[in-house]
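# Descriptive analysis of the structure
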Amino acid sequence: MTAEVALEARNLSFSYRAGQLPVIDDFSAGFHYGALTVVTGPSGTGKSTLLYLLALMLRETMGEVWCAGERVSGLSDAERSMLRASRYGFVFQDALLDPALTIADNICESAVFAGMPIDRARERAQQLMDDFGVGHRATHRPGEISGGQAQRVALCRALLTEPTIVFGDEPTGNLDRQSADVVWDALARHAHVTGACVLVATHDESRIASADVHVDLSR
Ligand SMILES: Nc1ncnc2c1ncn2[C@@H]1O[C@H](COP(=O)(O)OP(=O)(O)OP(=O)(O)O)[C@@H](O)[C@H]1O
Ligand SMILES: [Mg+2]
């Protein structure tokens, strides 16, 4: 049985500036629930750009993005933000935590924006922090934790709402092998156990073997 398509790019093209060659040029692909997709390609080939387009953080110049059978390209900015907060999780390369908030508040903020009751968000955040070995840092601020811990906190934030679609933009780029394995294992589990659609851009070609689908942007 073929799993349902979670996310679809239909003839996507994108240029950062009008008149420039597109970074993403007529890209079409479907991404399924329950699958871990790895996106590779040399620096500058558009891995981050593709993820930002699919995650509704950039608007395509041409083409369409579909999510769970719905065309989401035409949604308003507010609707796109709500969809991102409720259904998507995103792990950025540099964690991108808010330095003014505690670790726990960093993890909960967007889920509460999406409507999750604060008590439930805090409870689940604590569970995730404990699972990823950062539970004792809940009341600390991002400036007080290590890079590897920050990346695990970013992962907790991305998984808090149990999102059906998760993106990772080189989520392990700054980590040692052991910390990187923790993050990769969690992302693979989220795809294979929870049944989410997970897309990860990486330079690390050794991860291709553990992926269900490989998108190579260098071709
Ligand atoms: N904000 C921007 N404005 C203009 N050009 C940009 C912008 N962001 C990226 N680019 C250009 O778009 C192209 C694709 O960039 P992108 O960041 O998607 O590549 P990447 O494959 O993720 O690279 P890396 O492996 O270095 O992260 C590059 O040529 C880059 O210089
Ligand atoms: Mg990139």
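Notes on the structure follow. Being a predicted model, the structure only gives us computed values, none of them experimental.

Rules and cut-offs
Along each chain, numbering runs from 1 in the same order as the chain's sequence is written. Chain letters start at A and ligand numbers start at 1, both assigned in the order the entries are written. The model is predicted, so local features are restricted to residues of pLDDT at least 70 and side-chain atom pairs to those at 80 or more, both for listing and for counting; the totals for chains, interfaces and linings are taken over all residues. Processing note: side-chain calculations cover all non-hydrogen atoms of the structure and skip hydrogens and water entirely. In these notes, residues near a molecule or strand are those with any non-hydrogen atom within 4 Å of it. Here a polar contact means two N or O atoms within 3.5 Å. Within protein one must be a hydrogen donor candidate and the other an acceptor candidate, and residues neighboring in sequence count only if both atoms are side-chain atoms. Computed by Shrake-Rupley with a 1.4 Å probe, the accessible areas treat only the displayed protein chains as cover when residues are assessed. Three classes are used: nonpolar for Ala, Val, Leu, Ile, Met, Phe, Trp, Tyr, Cys and Pro, charged for Asp, Glu, Lys and Arg, and polar for all others, with Gly counted as polar. Here a pair means two rings of Phe, Tyr or Trp (six-membered ring of Trp) with centres within 6.5 Å. Their orientation is stacked below 30 degrees between planes, edge-to-face above 60, and tilted elsewhere. Note on classification: 1.4 Å probe, protein chains only; a residue is buried when its accessible area is under 20% of the maximum for its type, exposed when over 50%, partly exposed between these limits. The secondary structure listing takes helices from DSSP runs of H or I that are at least 4 residues long and strands from runs of E that are at least 2 residues long, numbered from the N terminus.

All residues adjacent to ligand 1 are Y16, V23, P42, S43, G44, T45, G46, K47, S48, T49, E170 and H203. One of the side-chain nitrogen or oxygen atoms of E170 is found 3.5 Å away from an oxygen atom of ligand 1. At a separation of 3.0 Å, an oxygen atom of ligand 1 approaches a polar side-chain atom of H203. In isolation ligand 1 has 640 Å² of accessible area, and contact with the protein removes 57% of it. Split into classes, the residues belonging to the shell around ligand 1 amount to three nonpolar, seven polar and two charged.

A few words on the packing of aromatic side chains. The way to describe two aromatic rings as a pair is by their centre distance and the angle between their planes. Taken as a whole and judged by the stated rule, the model has five aromatic pairs. Centre to centre, the rings of F14 and Y16 are 4.7 Å apart; their planes meet at 90°, and the pair counts as edge-to-face. What makes Y16 partly exposed here is its relative accessible area of 48%. With a centroid separation of 5.9 Å and an interplanar angle of 35°, the aromatic rings of Y52 and F90 are classed as tilted. With Y52 in helix α1 (residues 47–54) and F90 in strand β6 (residues 88–91), the pair connects residues that are 38 residues apart, well separated along the chain. You can call F90 buried: its relative accessible area is 11%.

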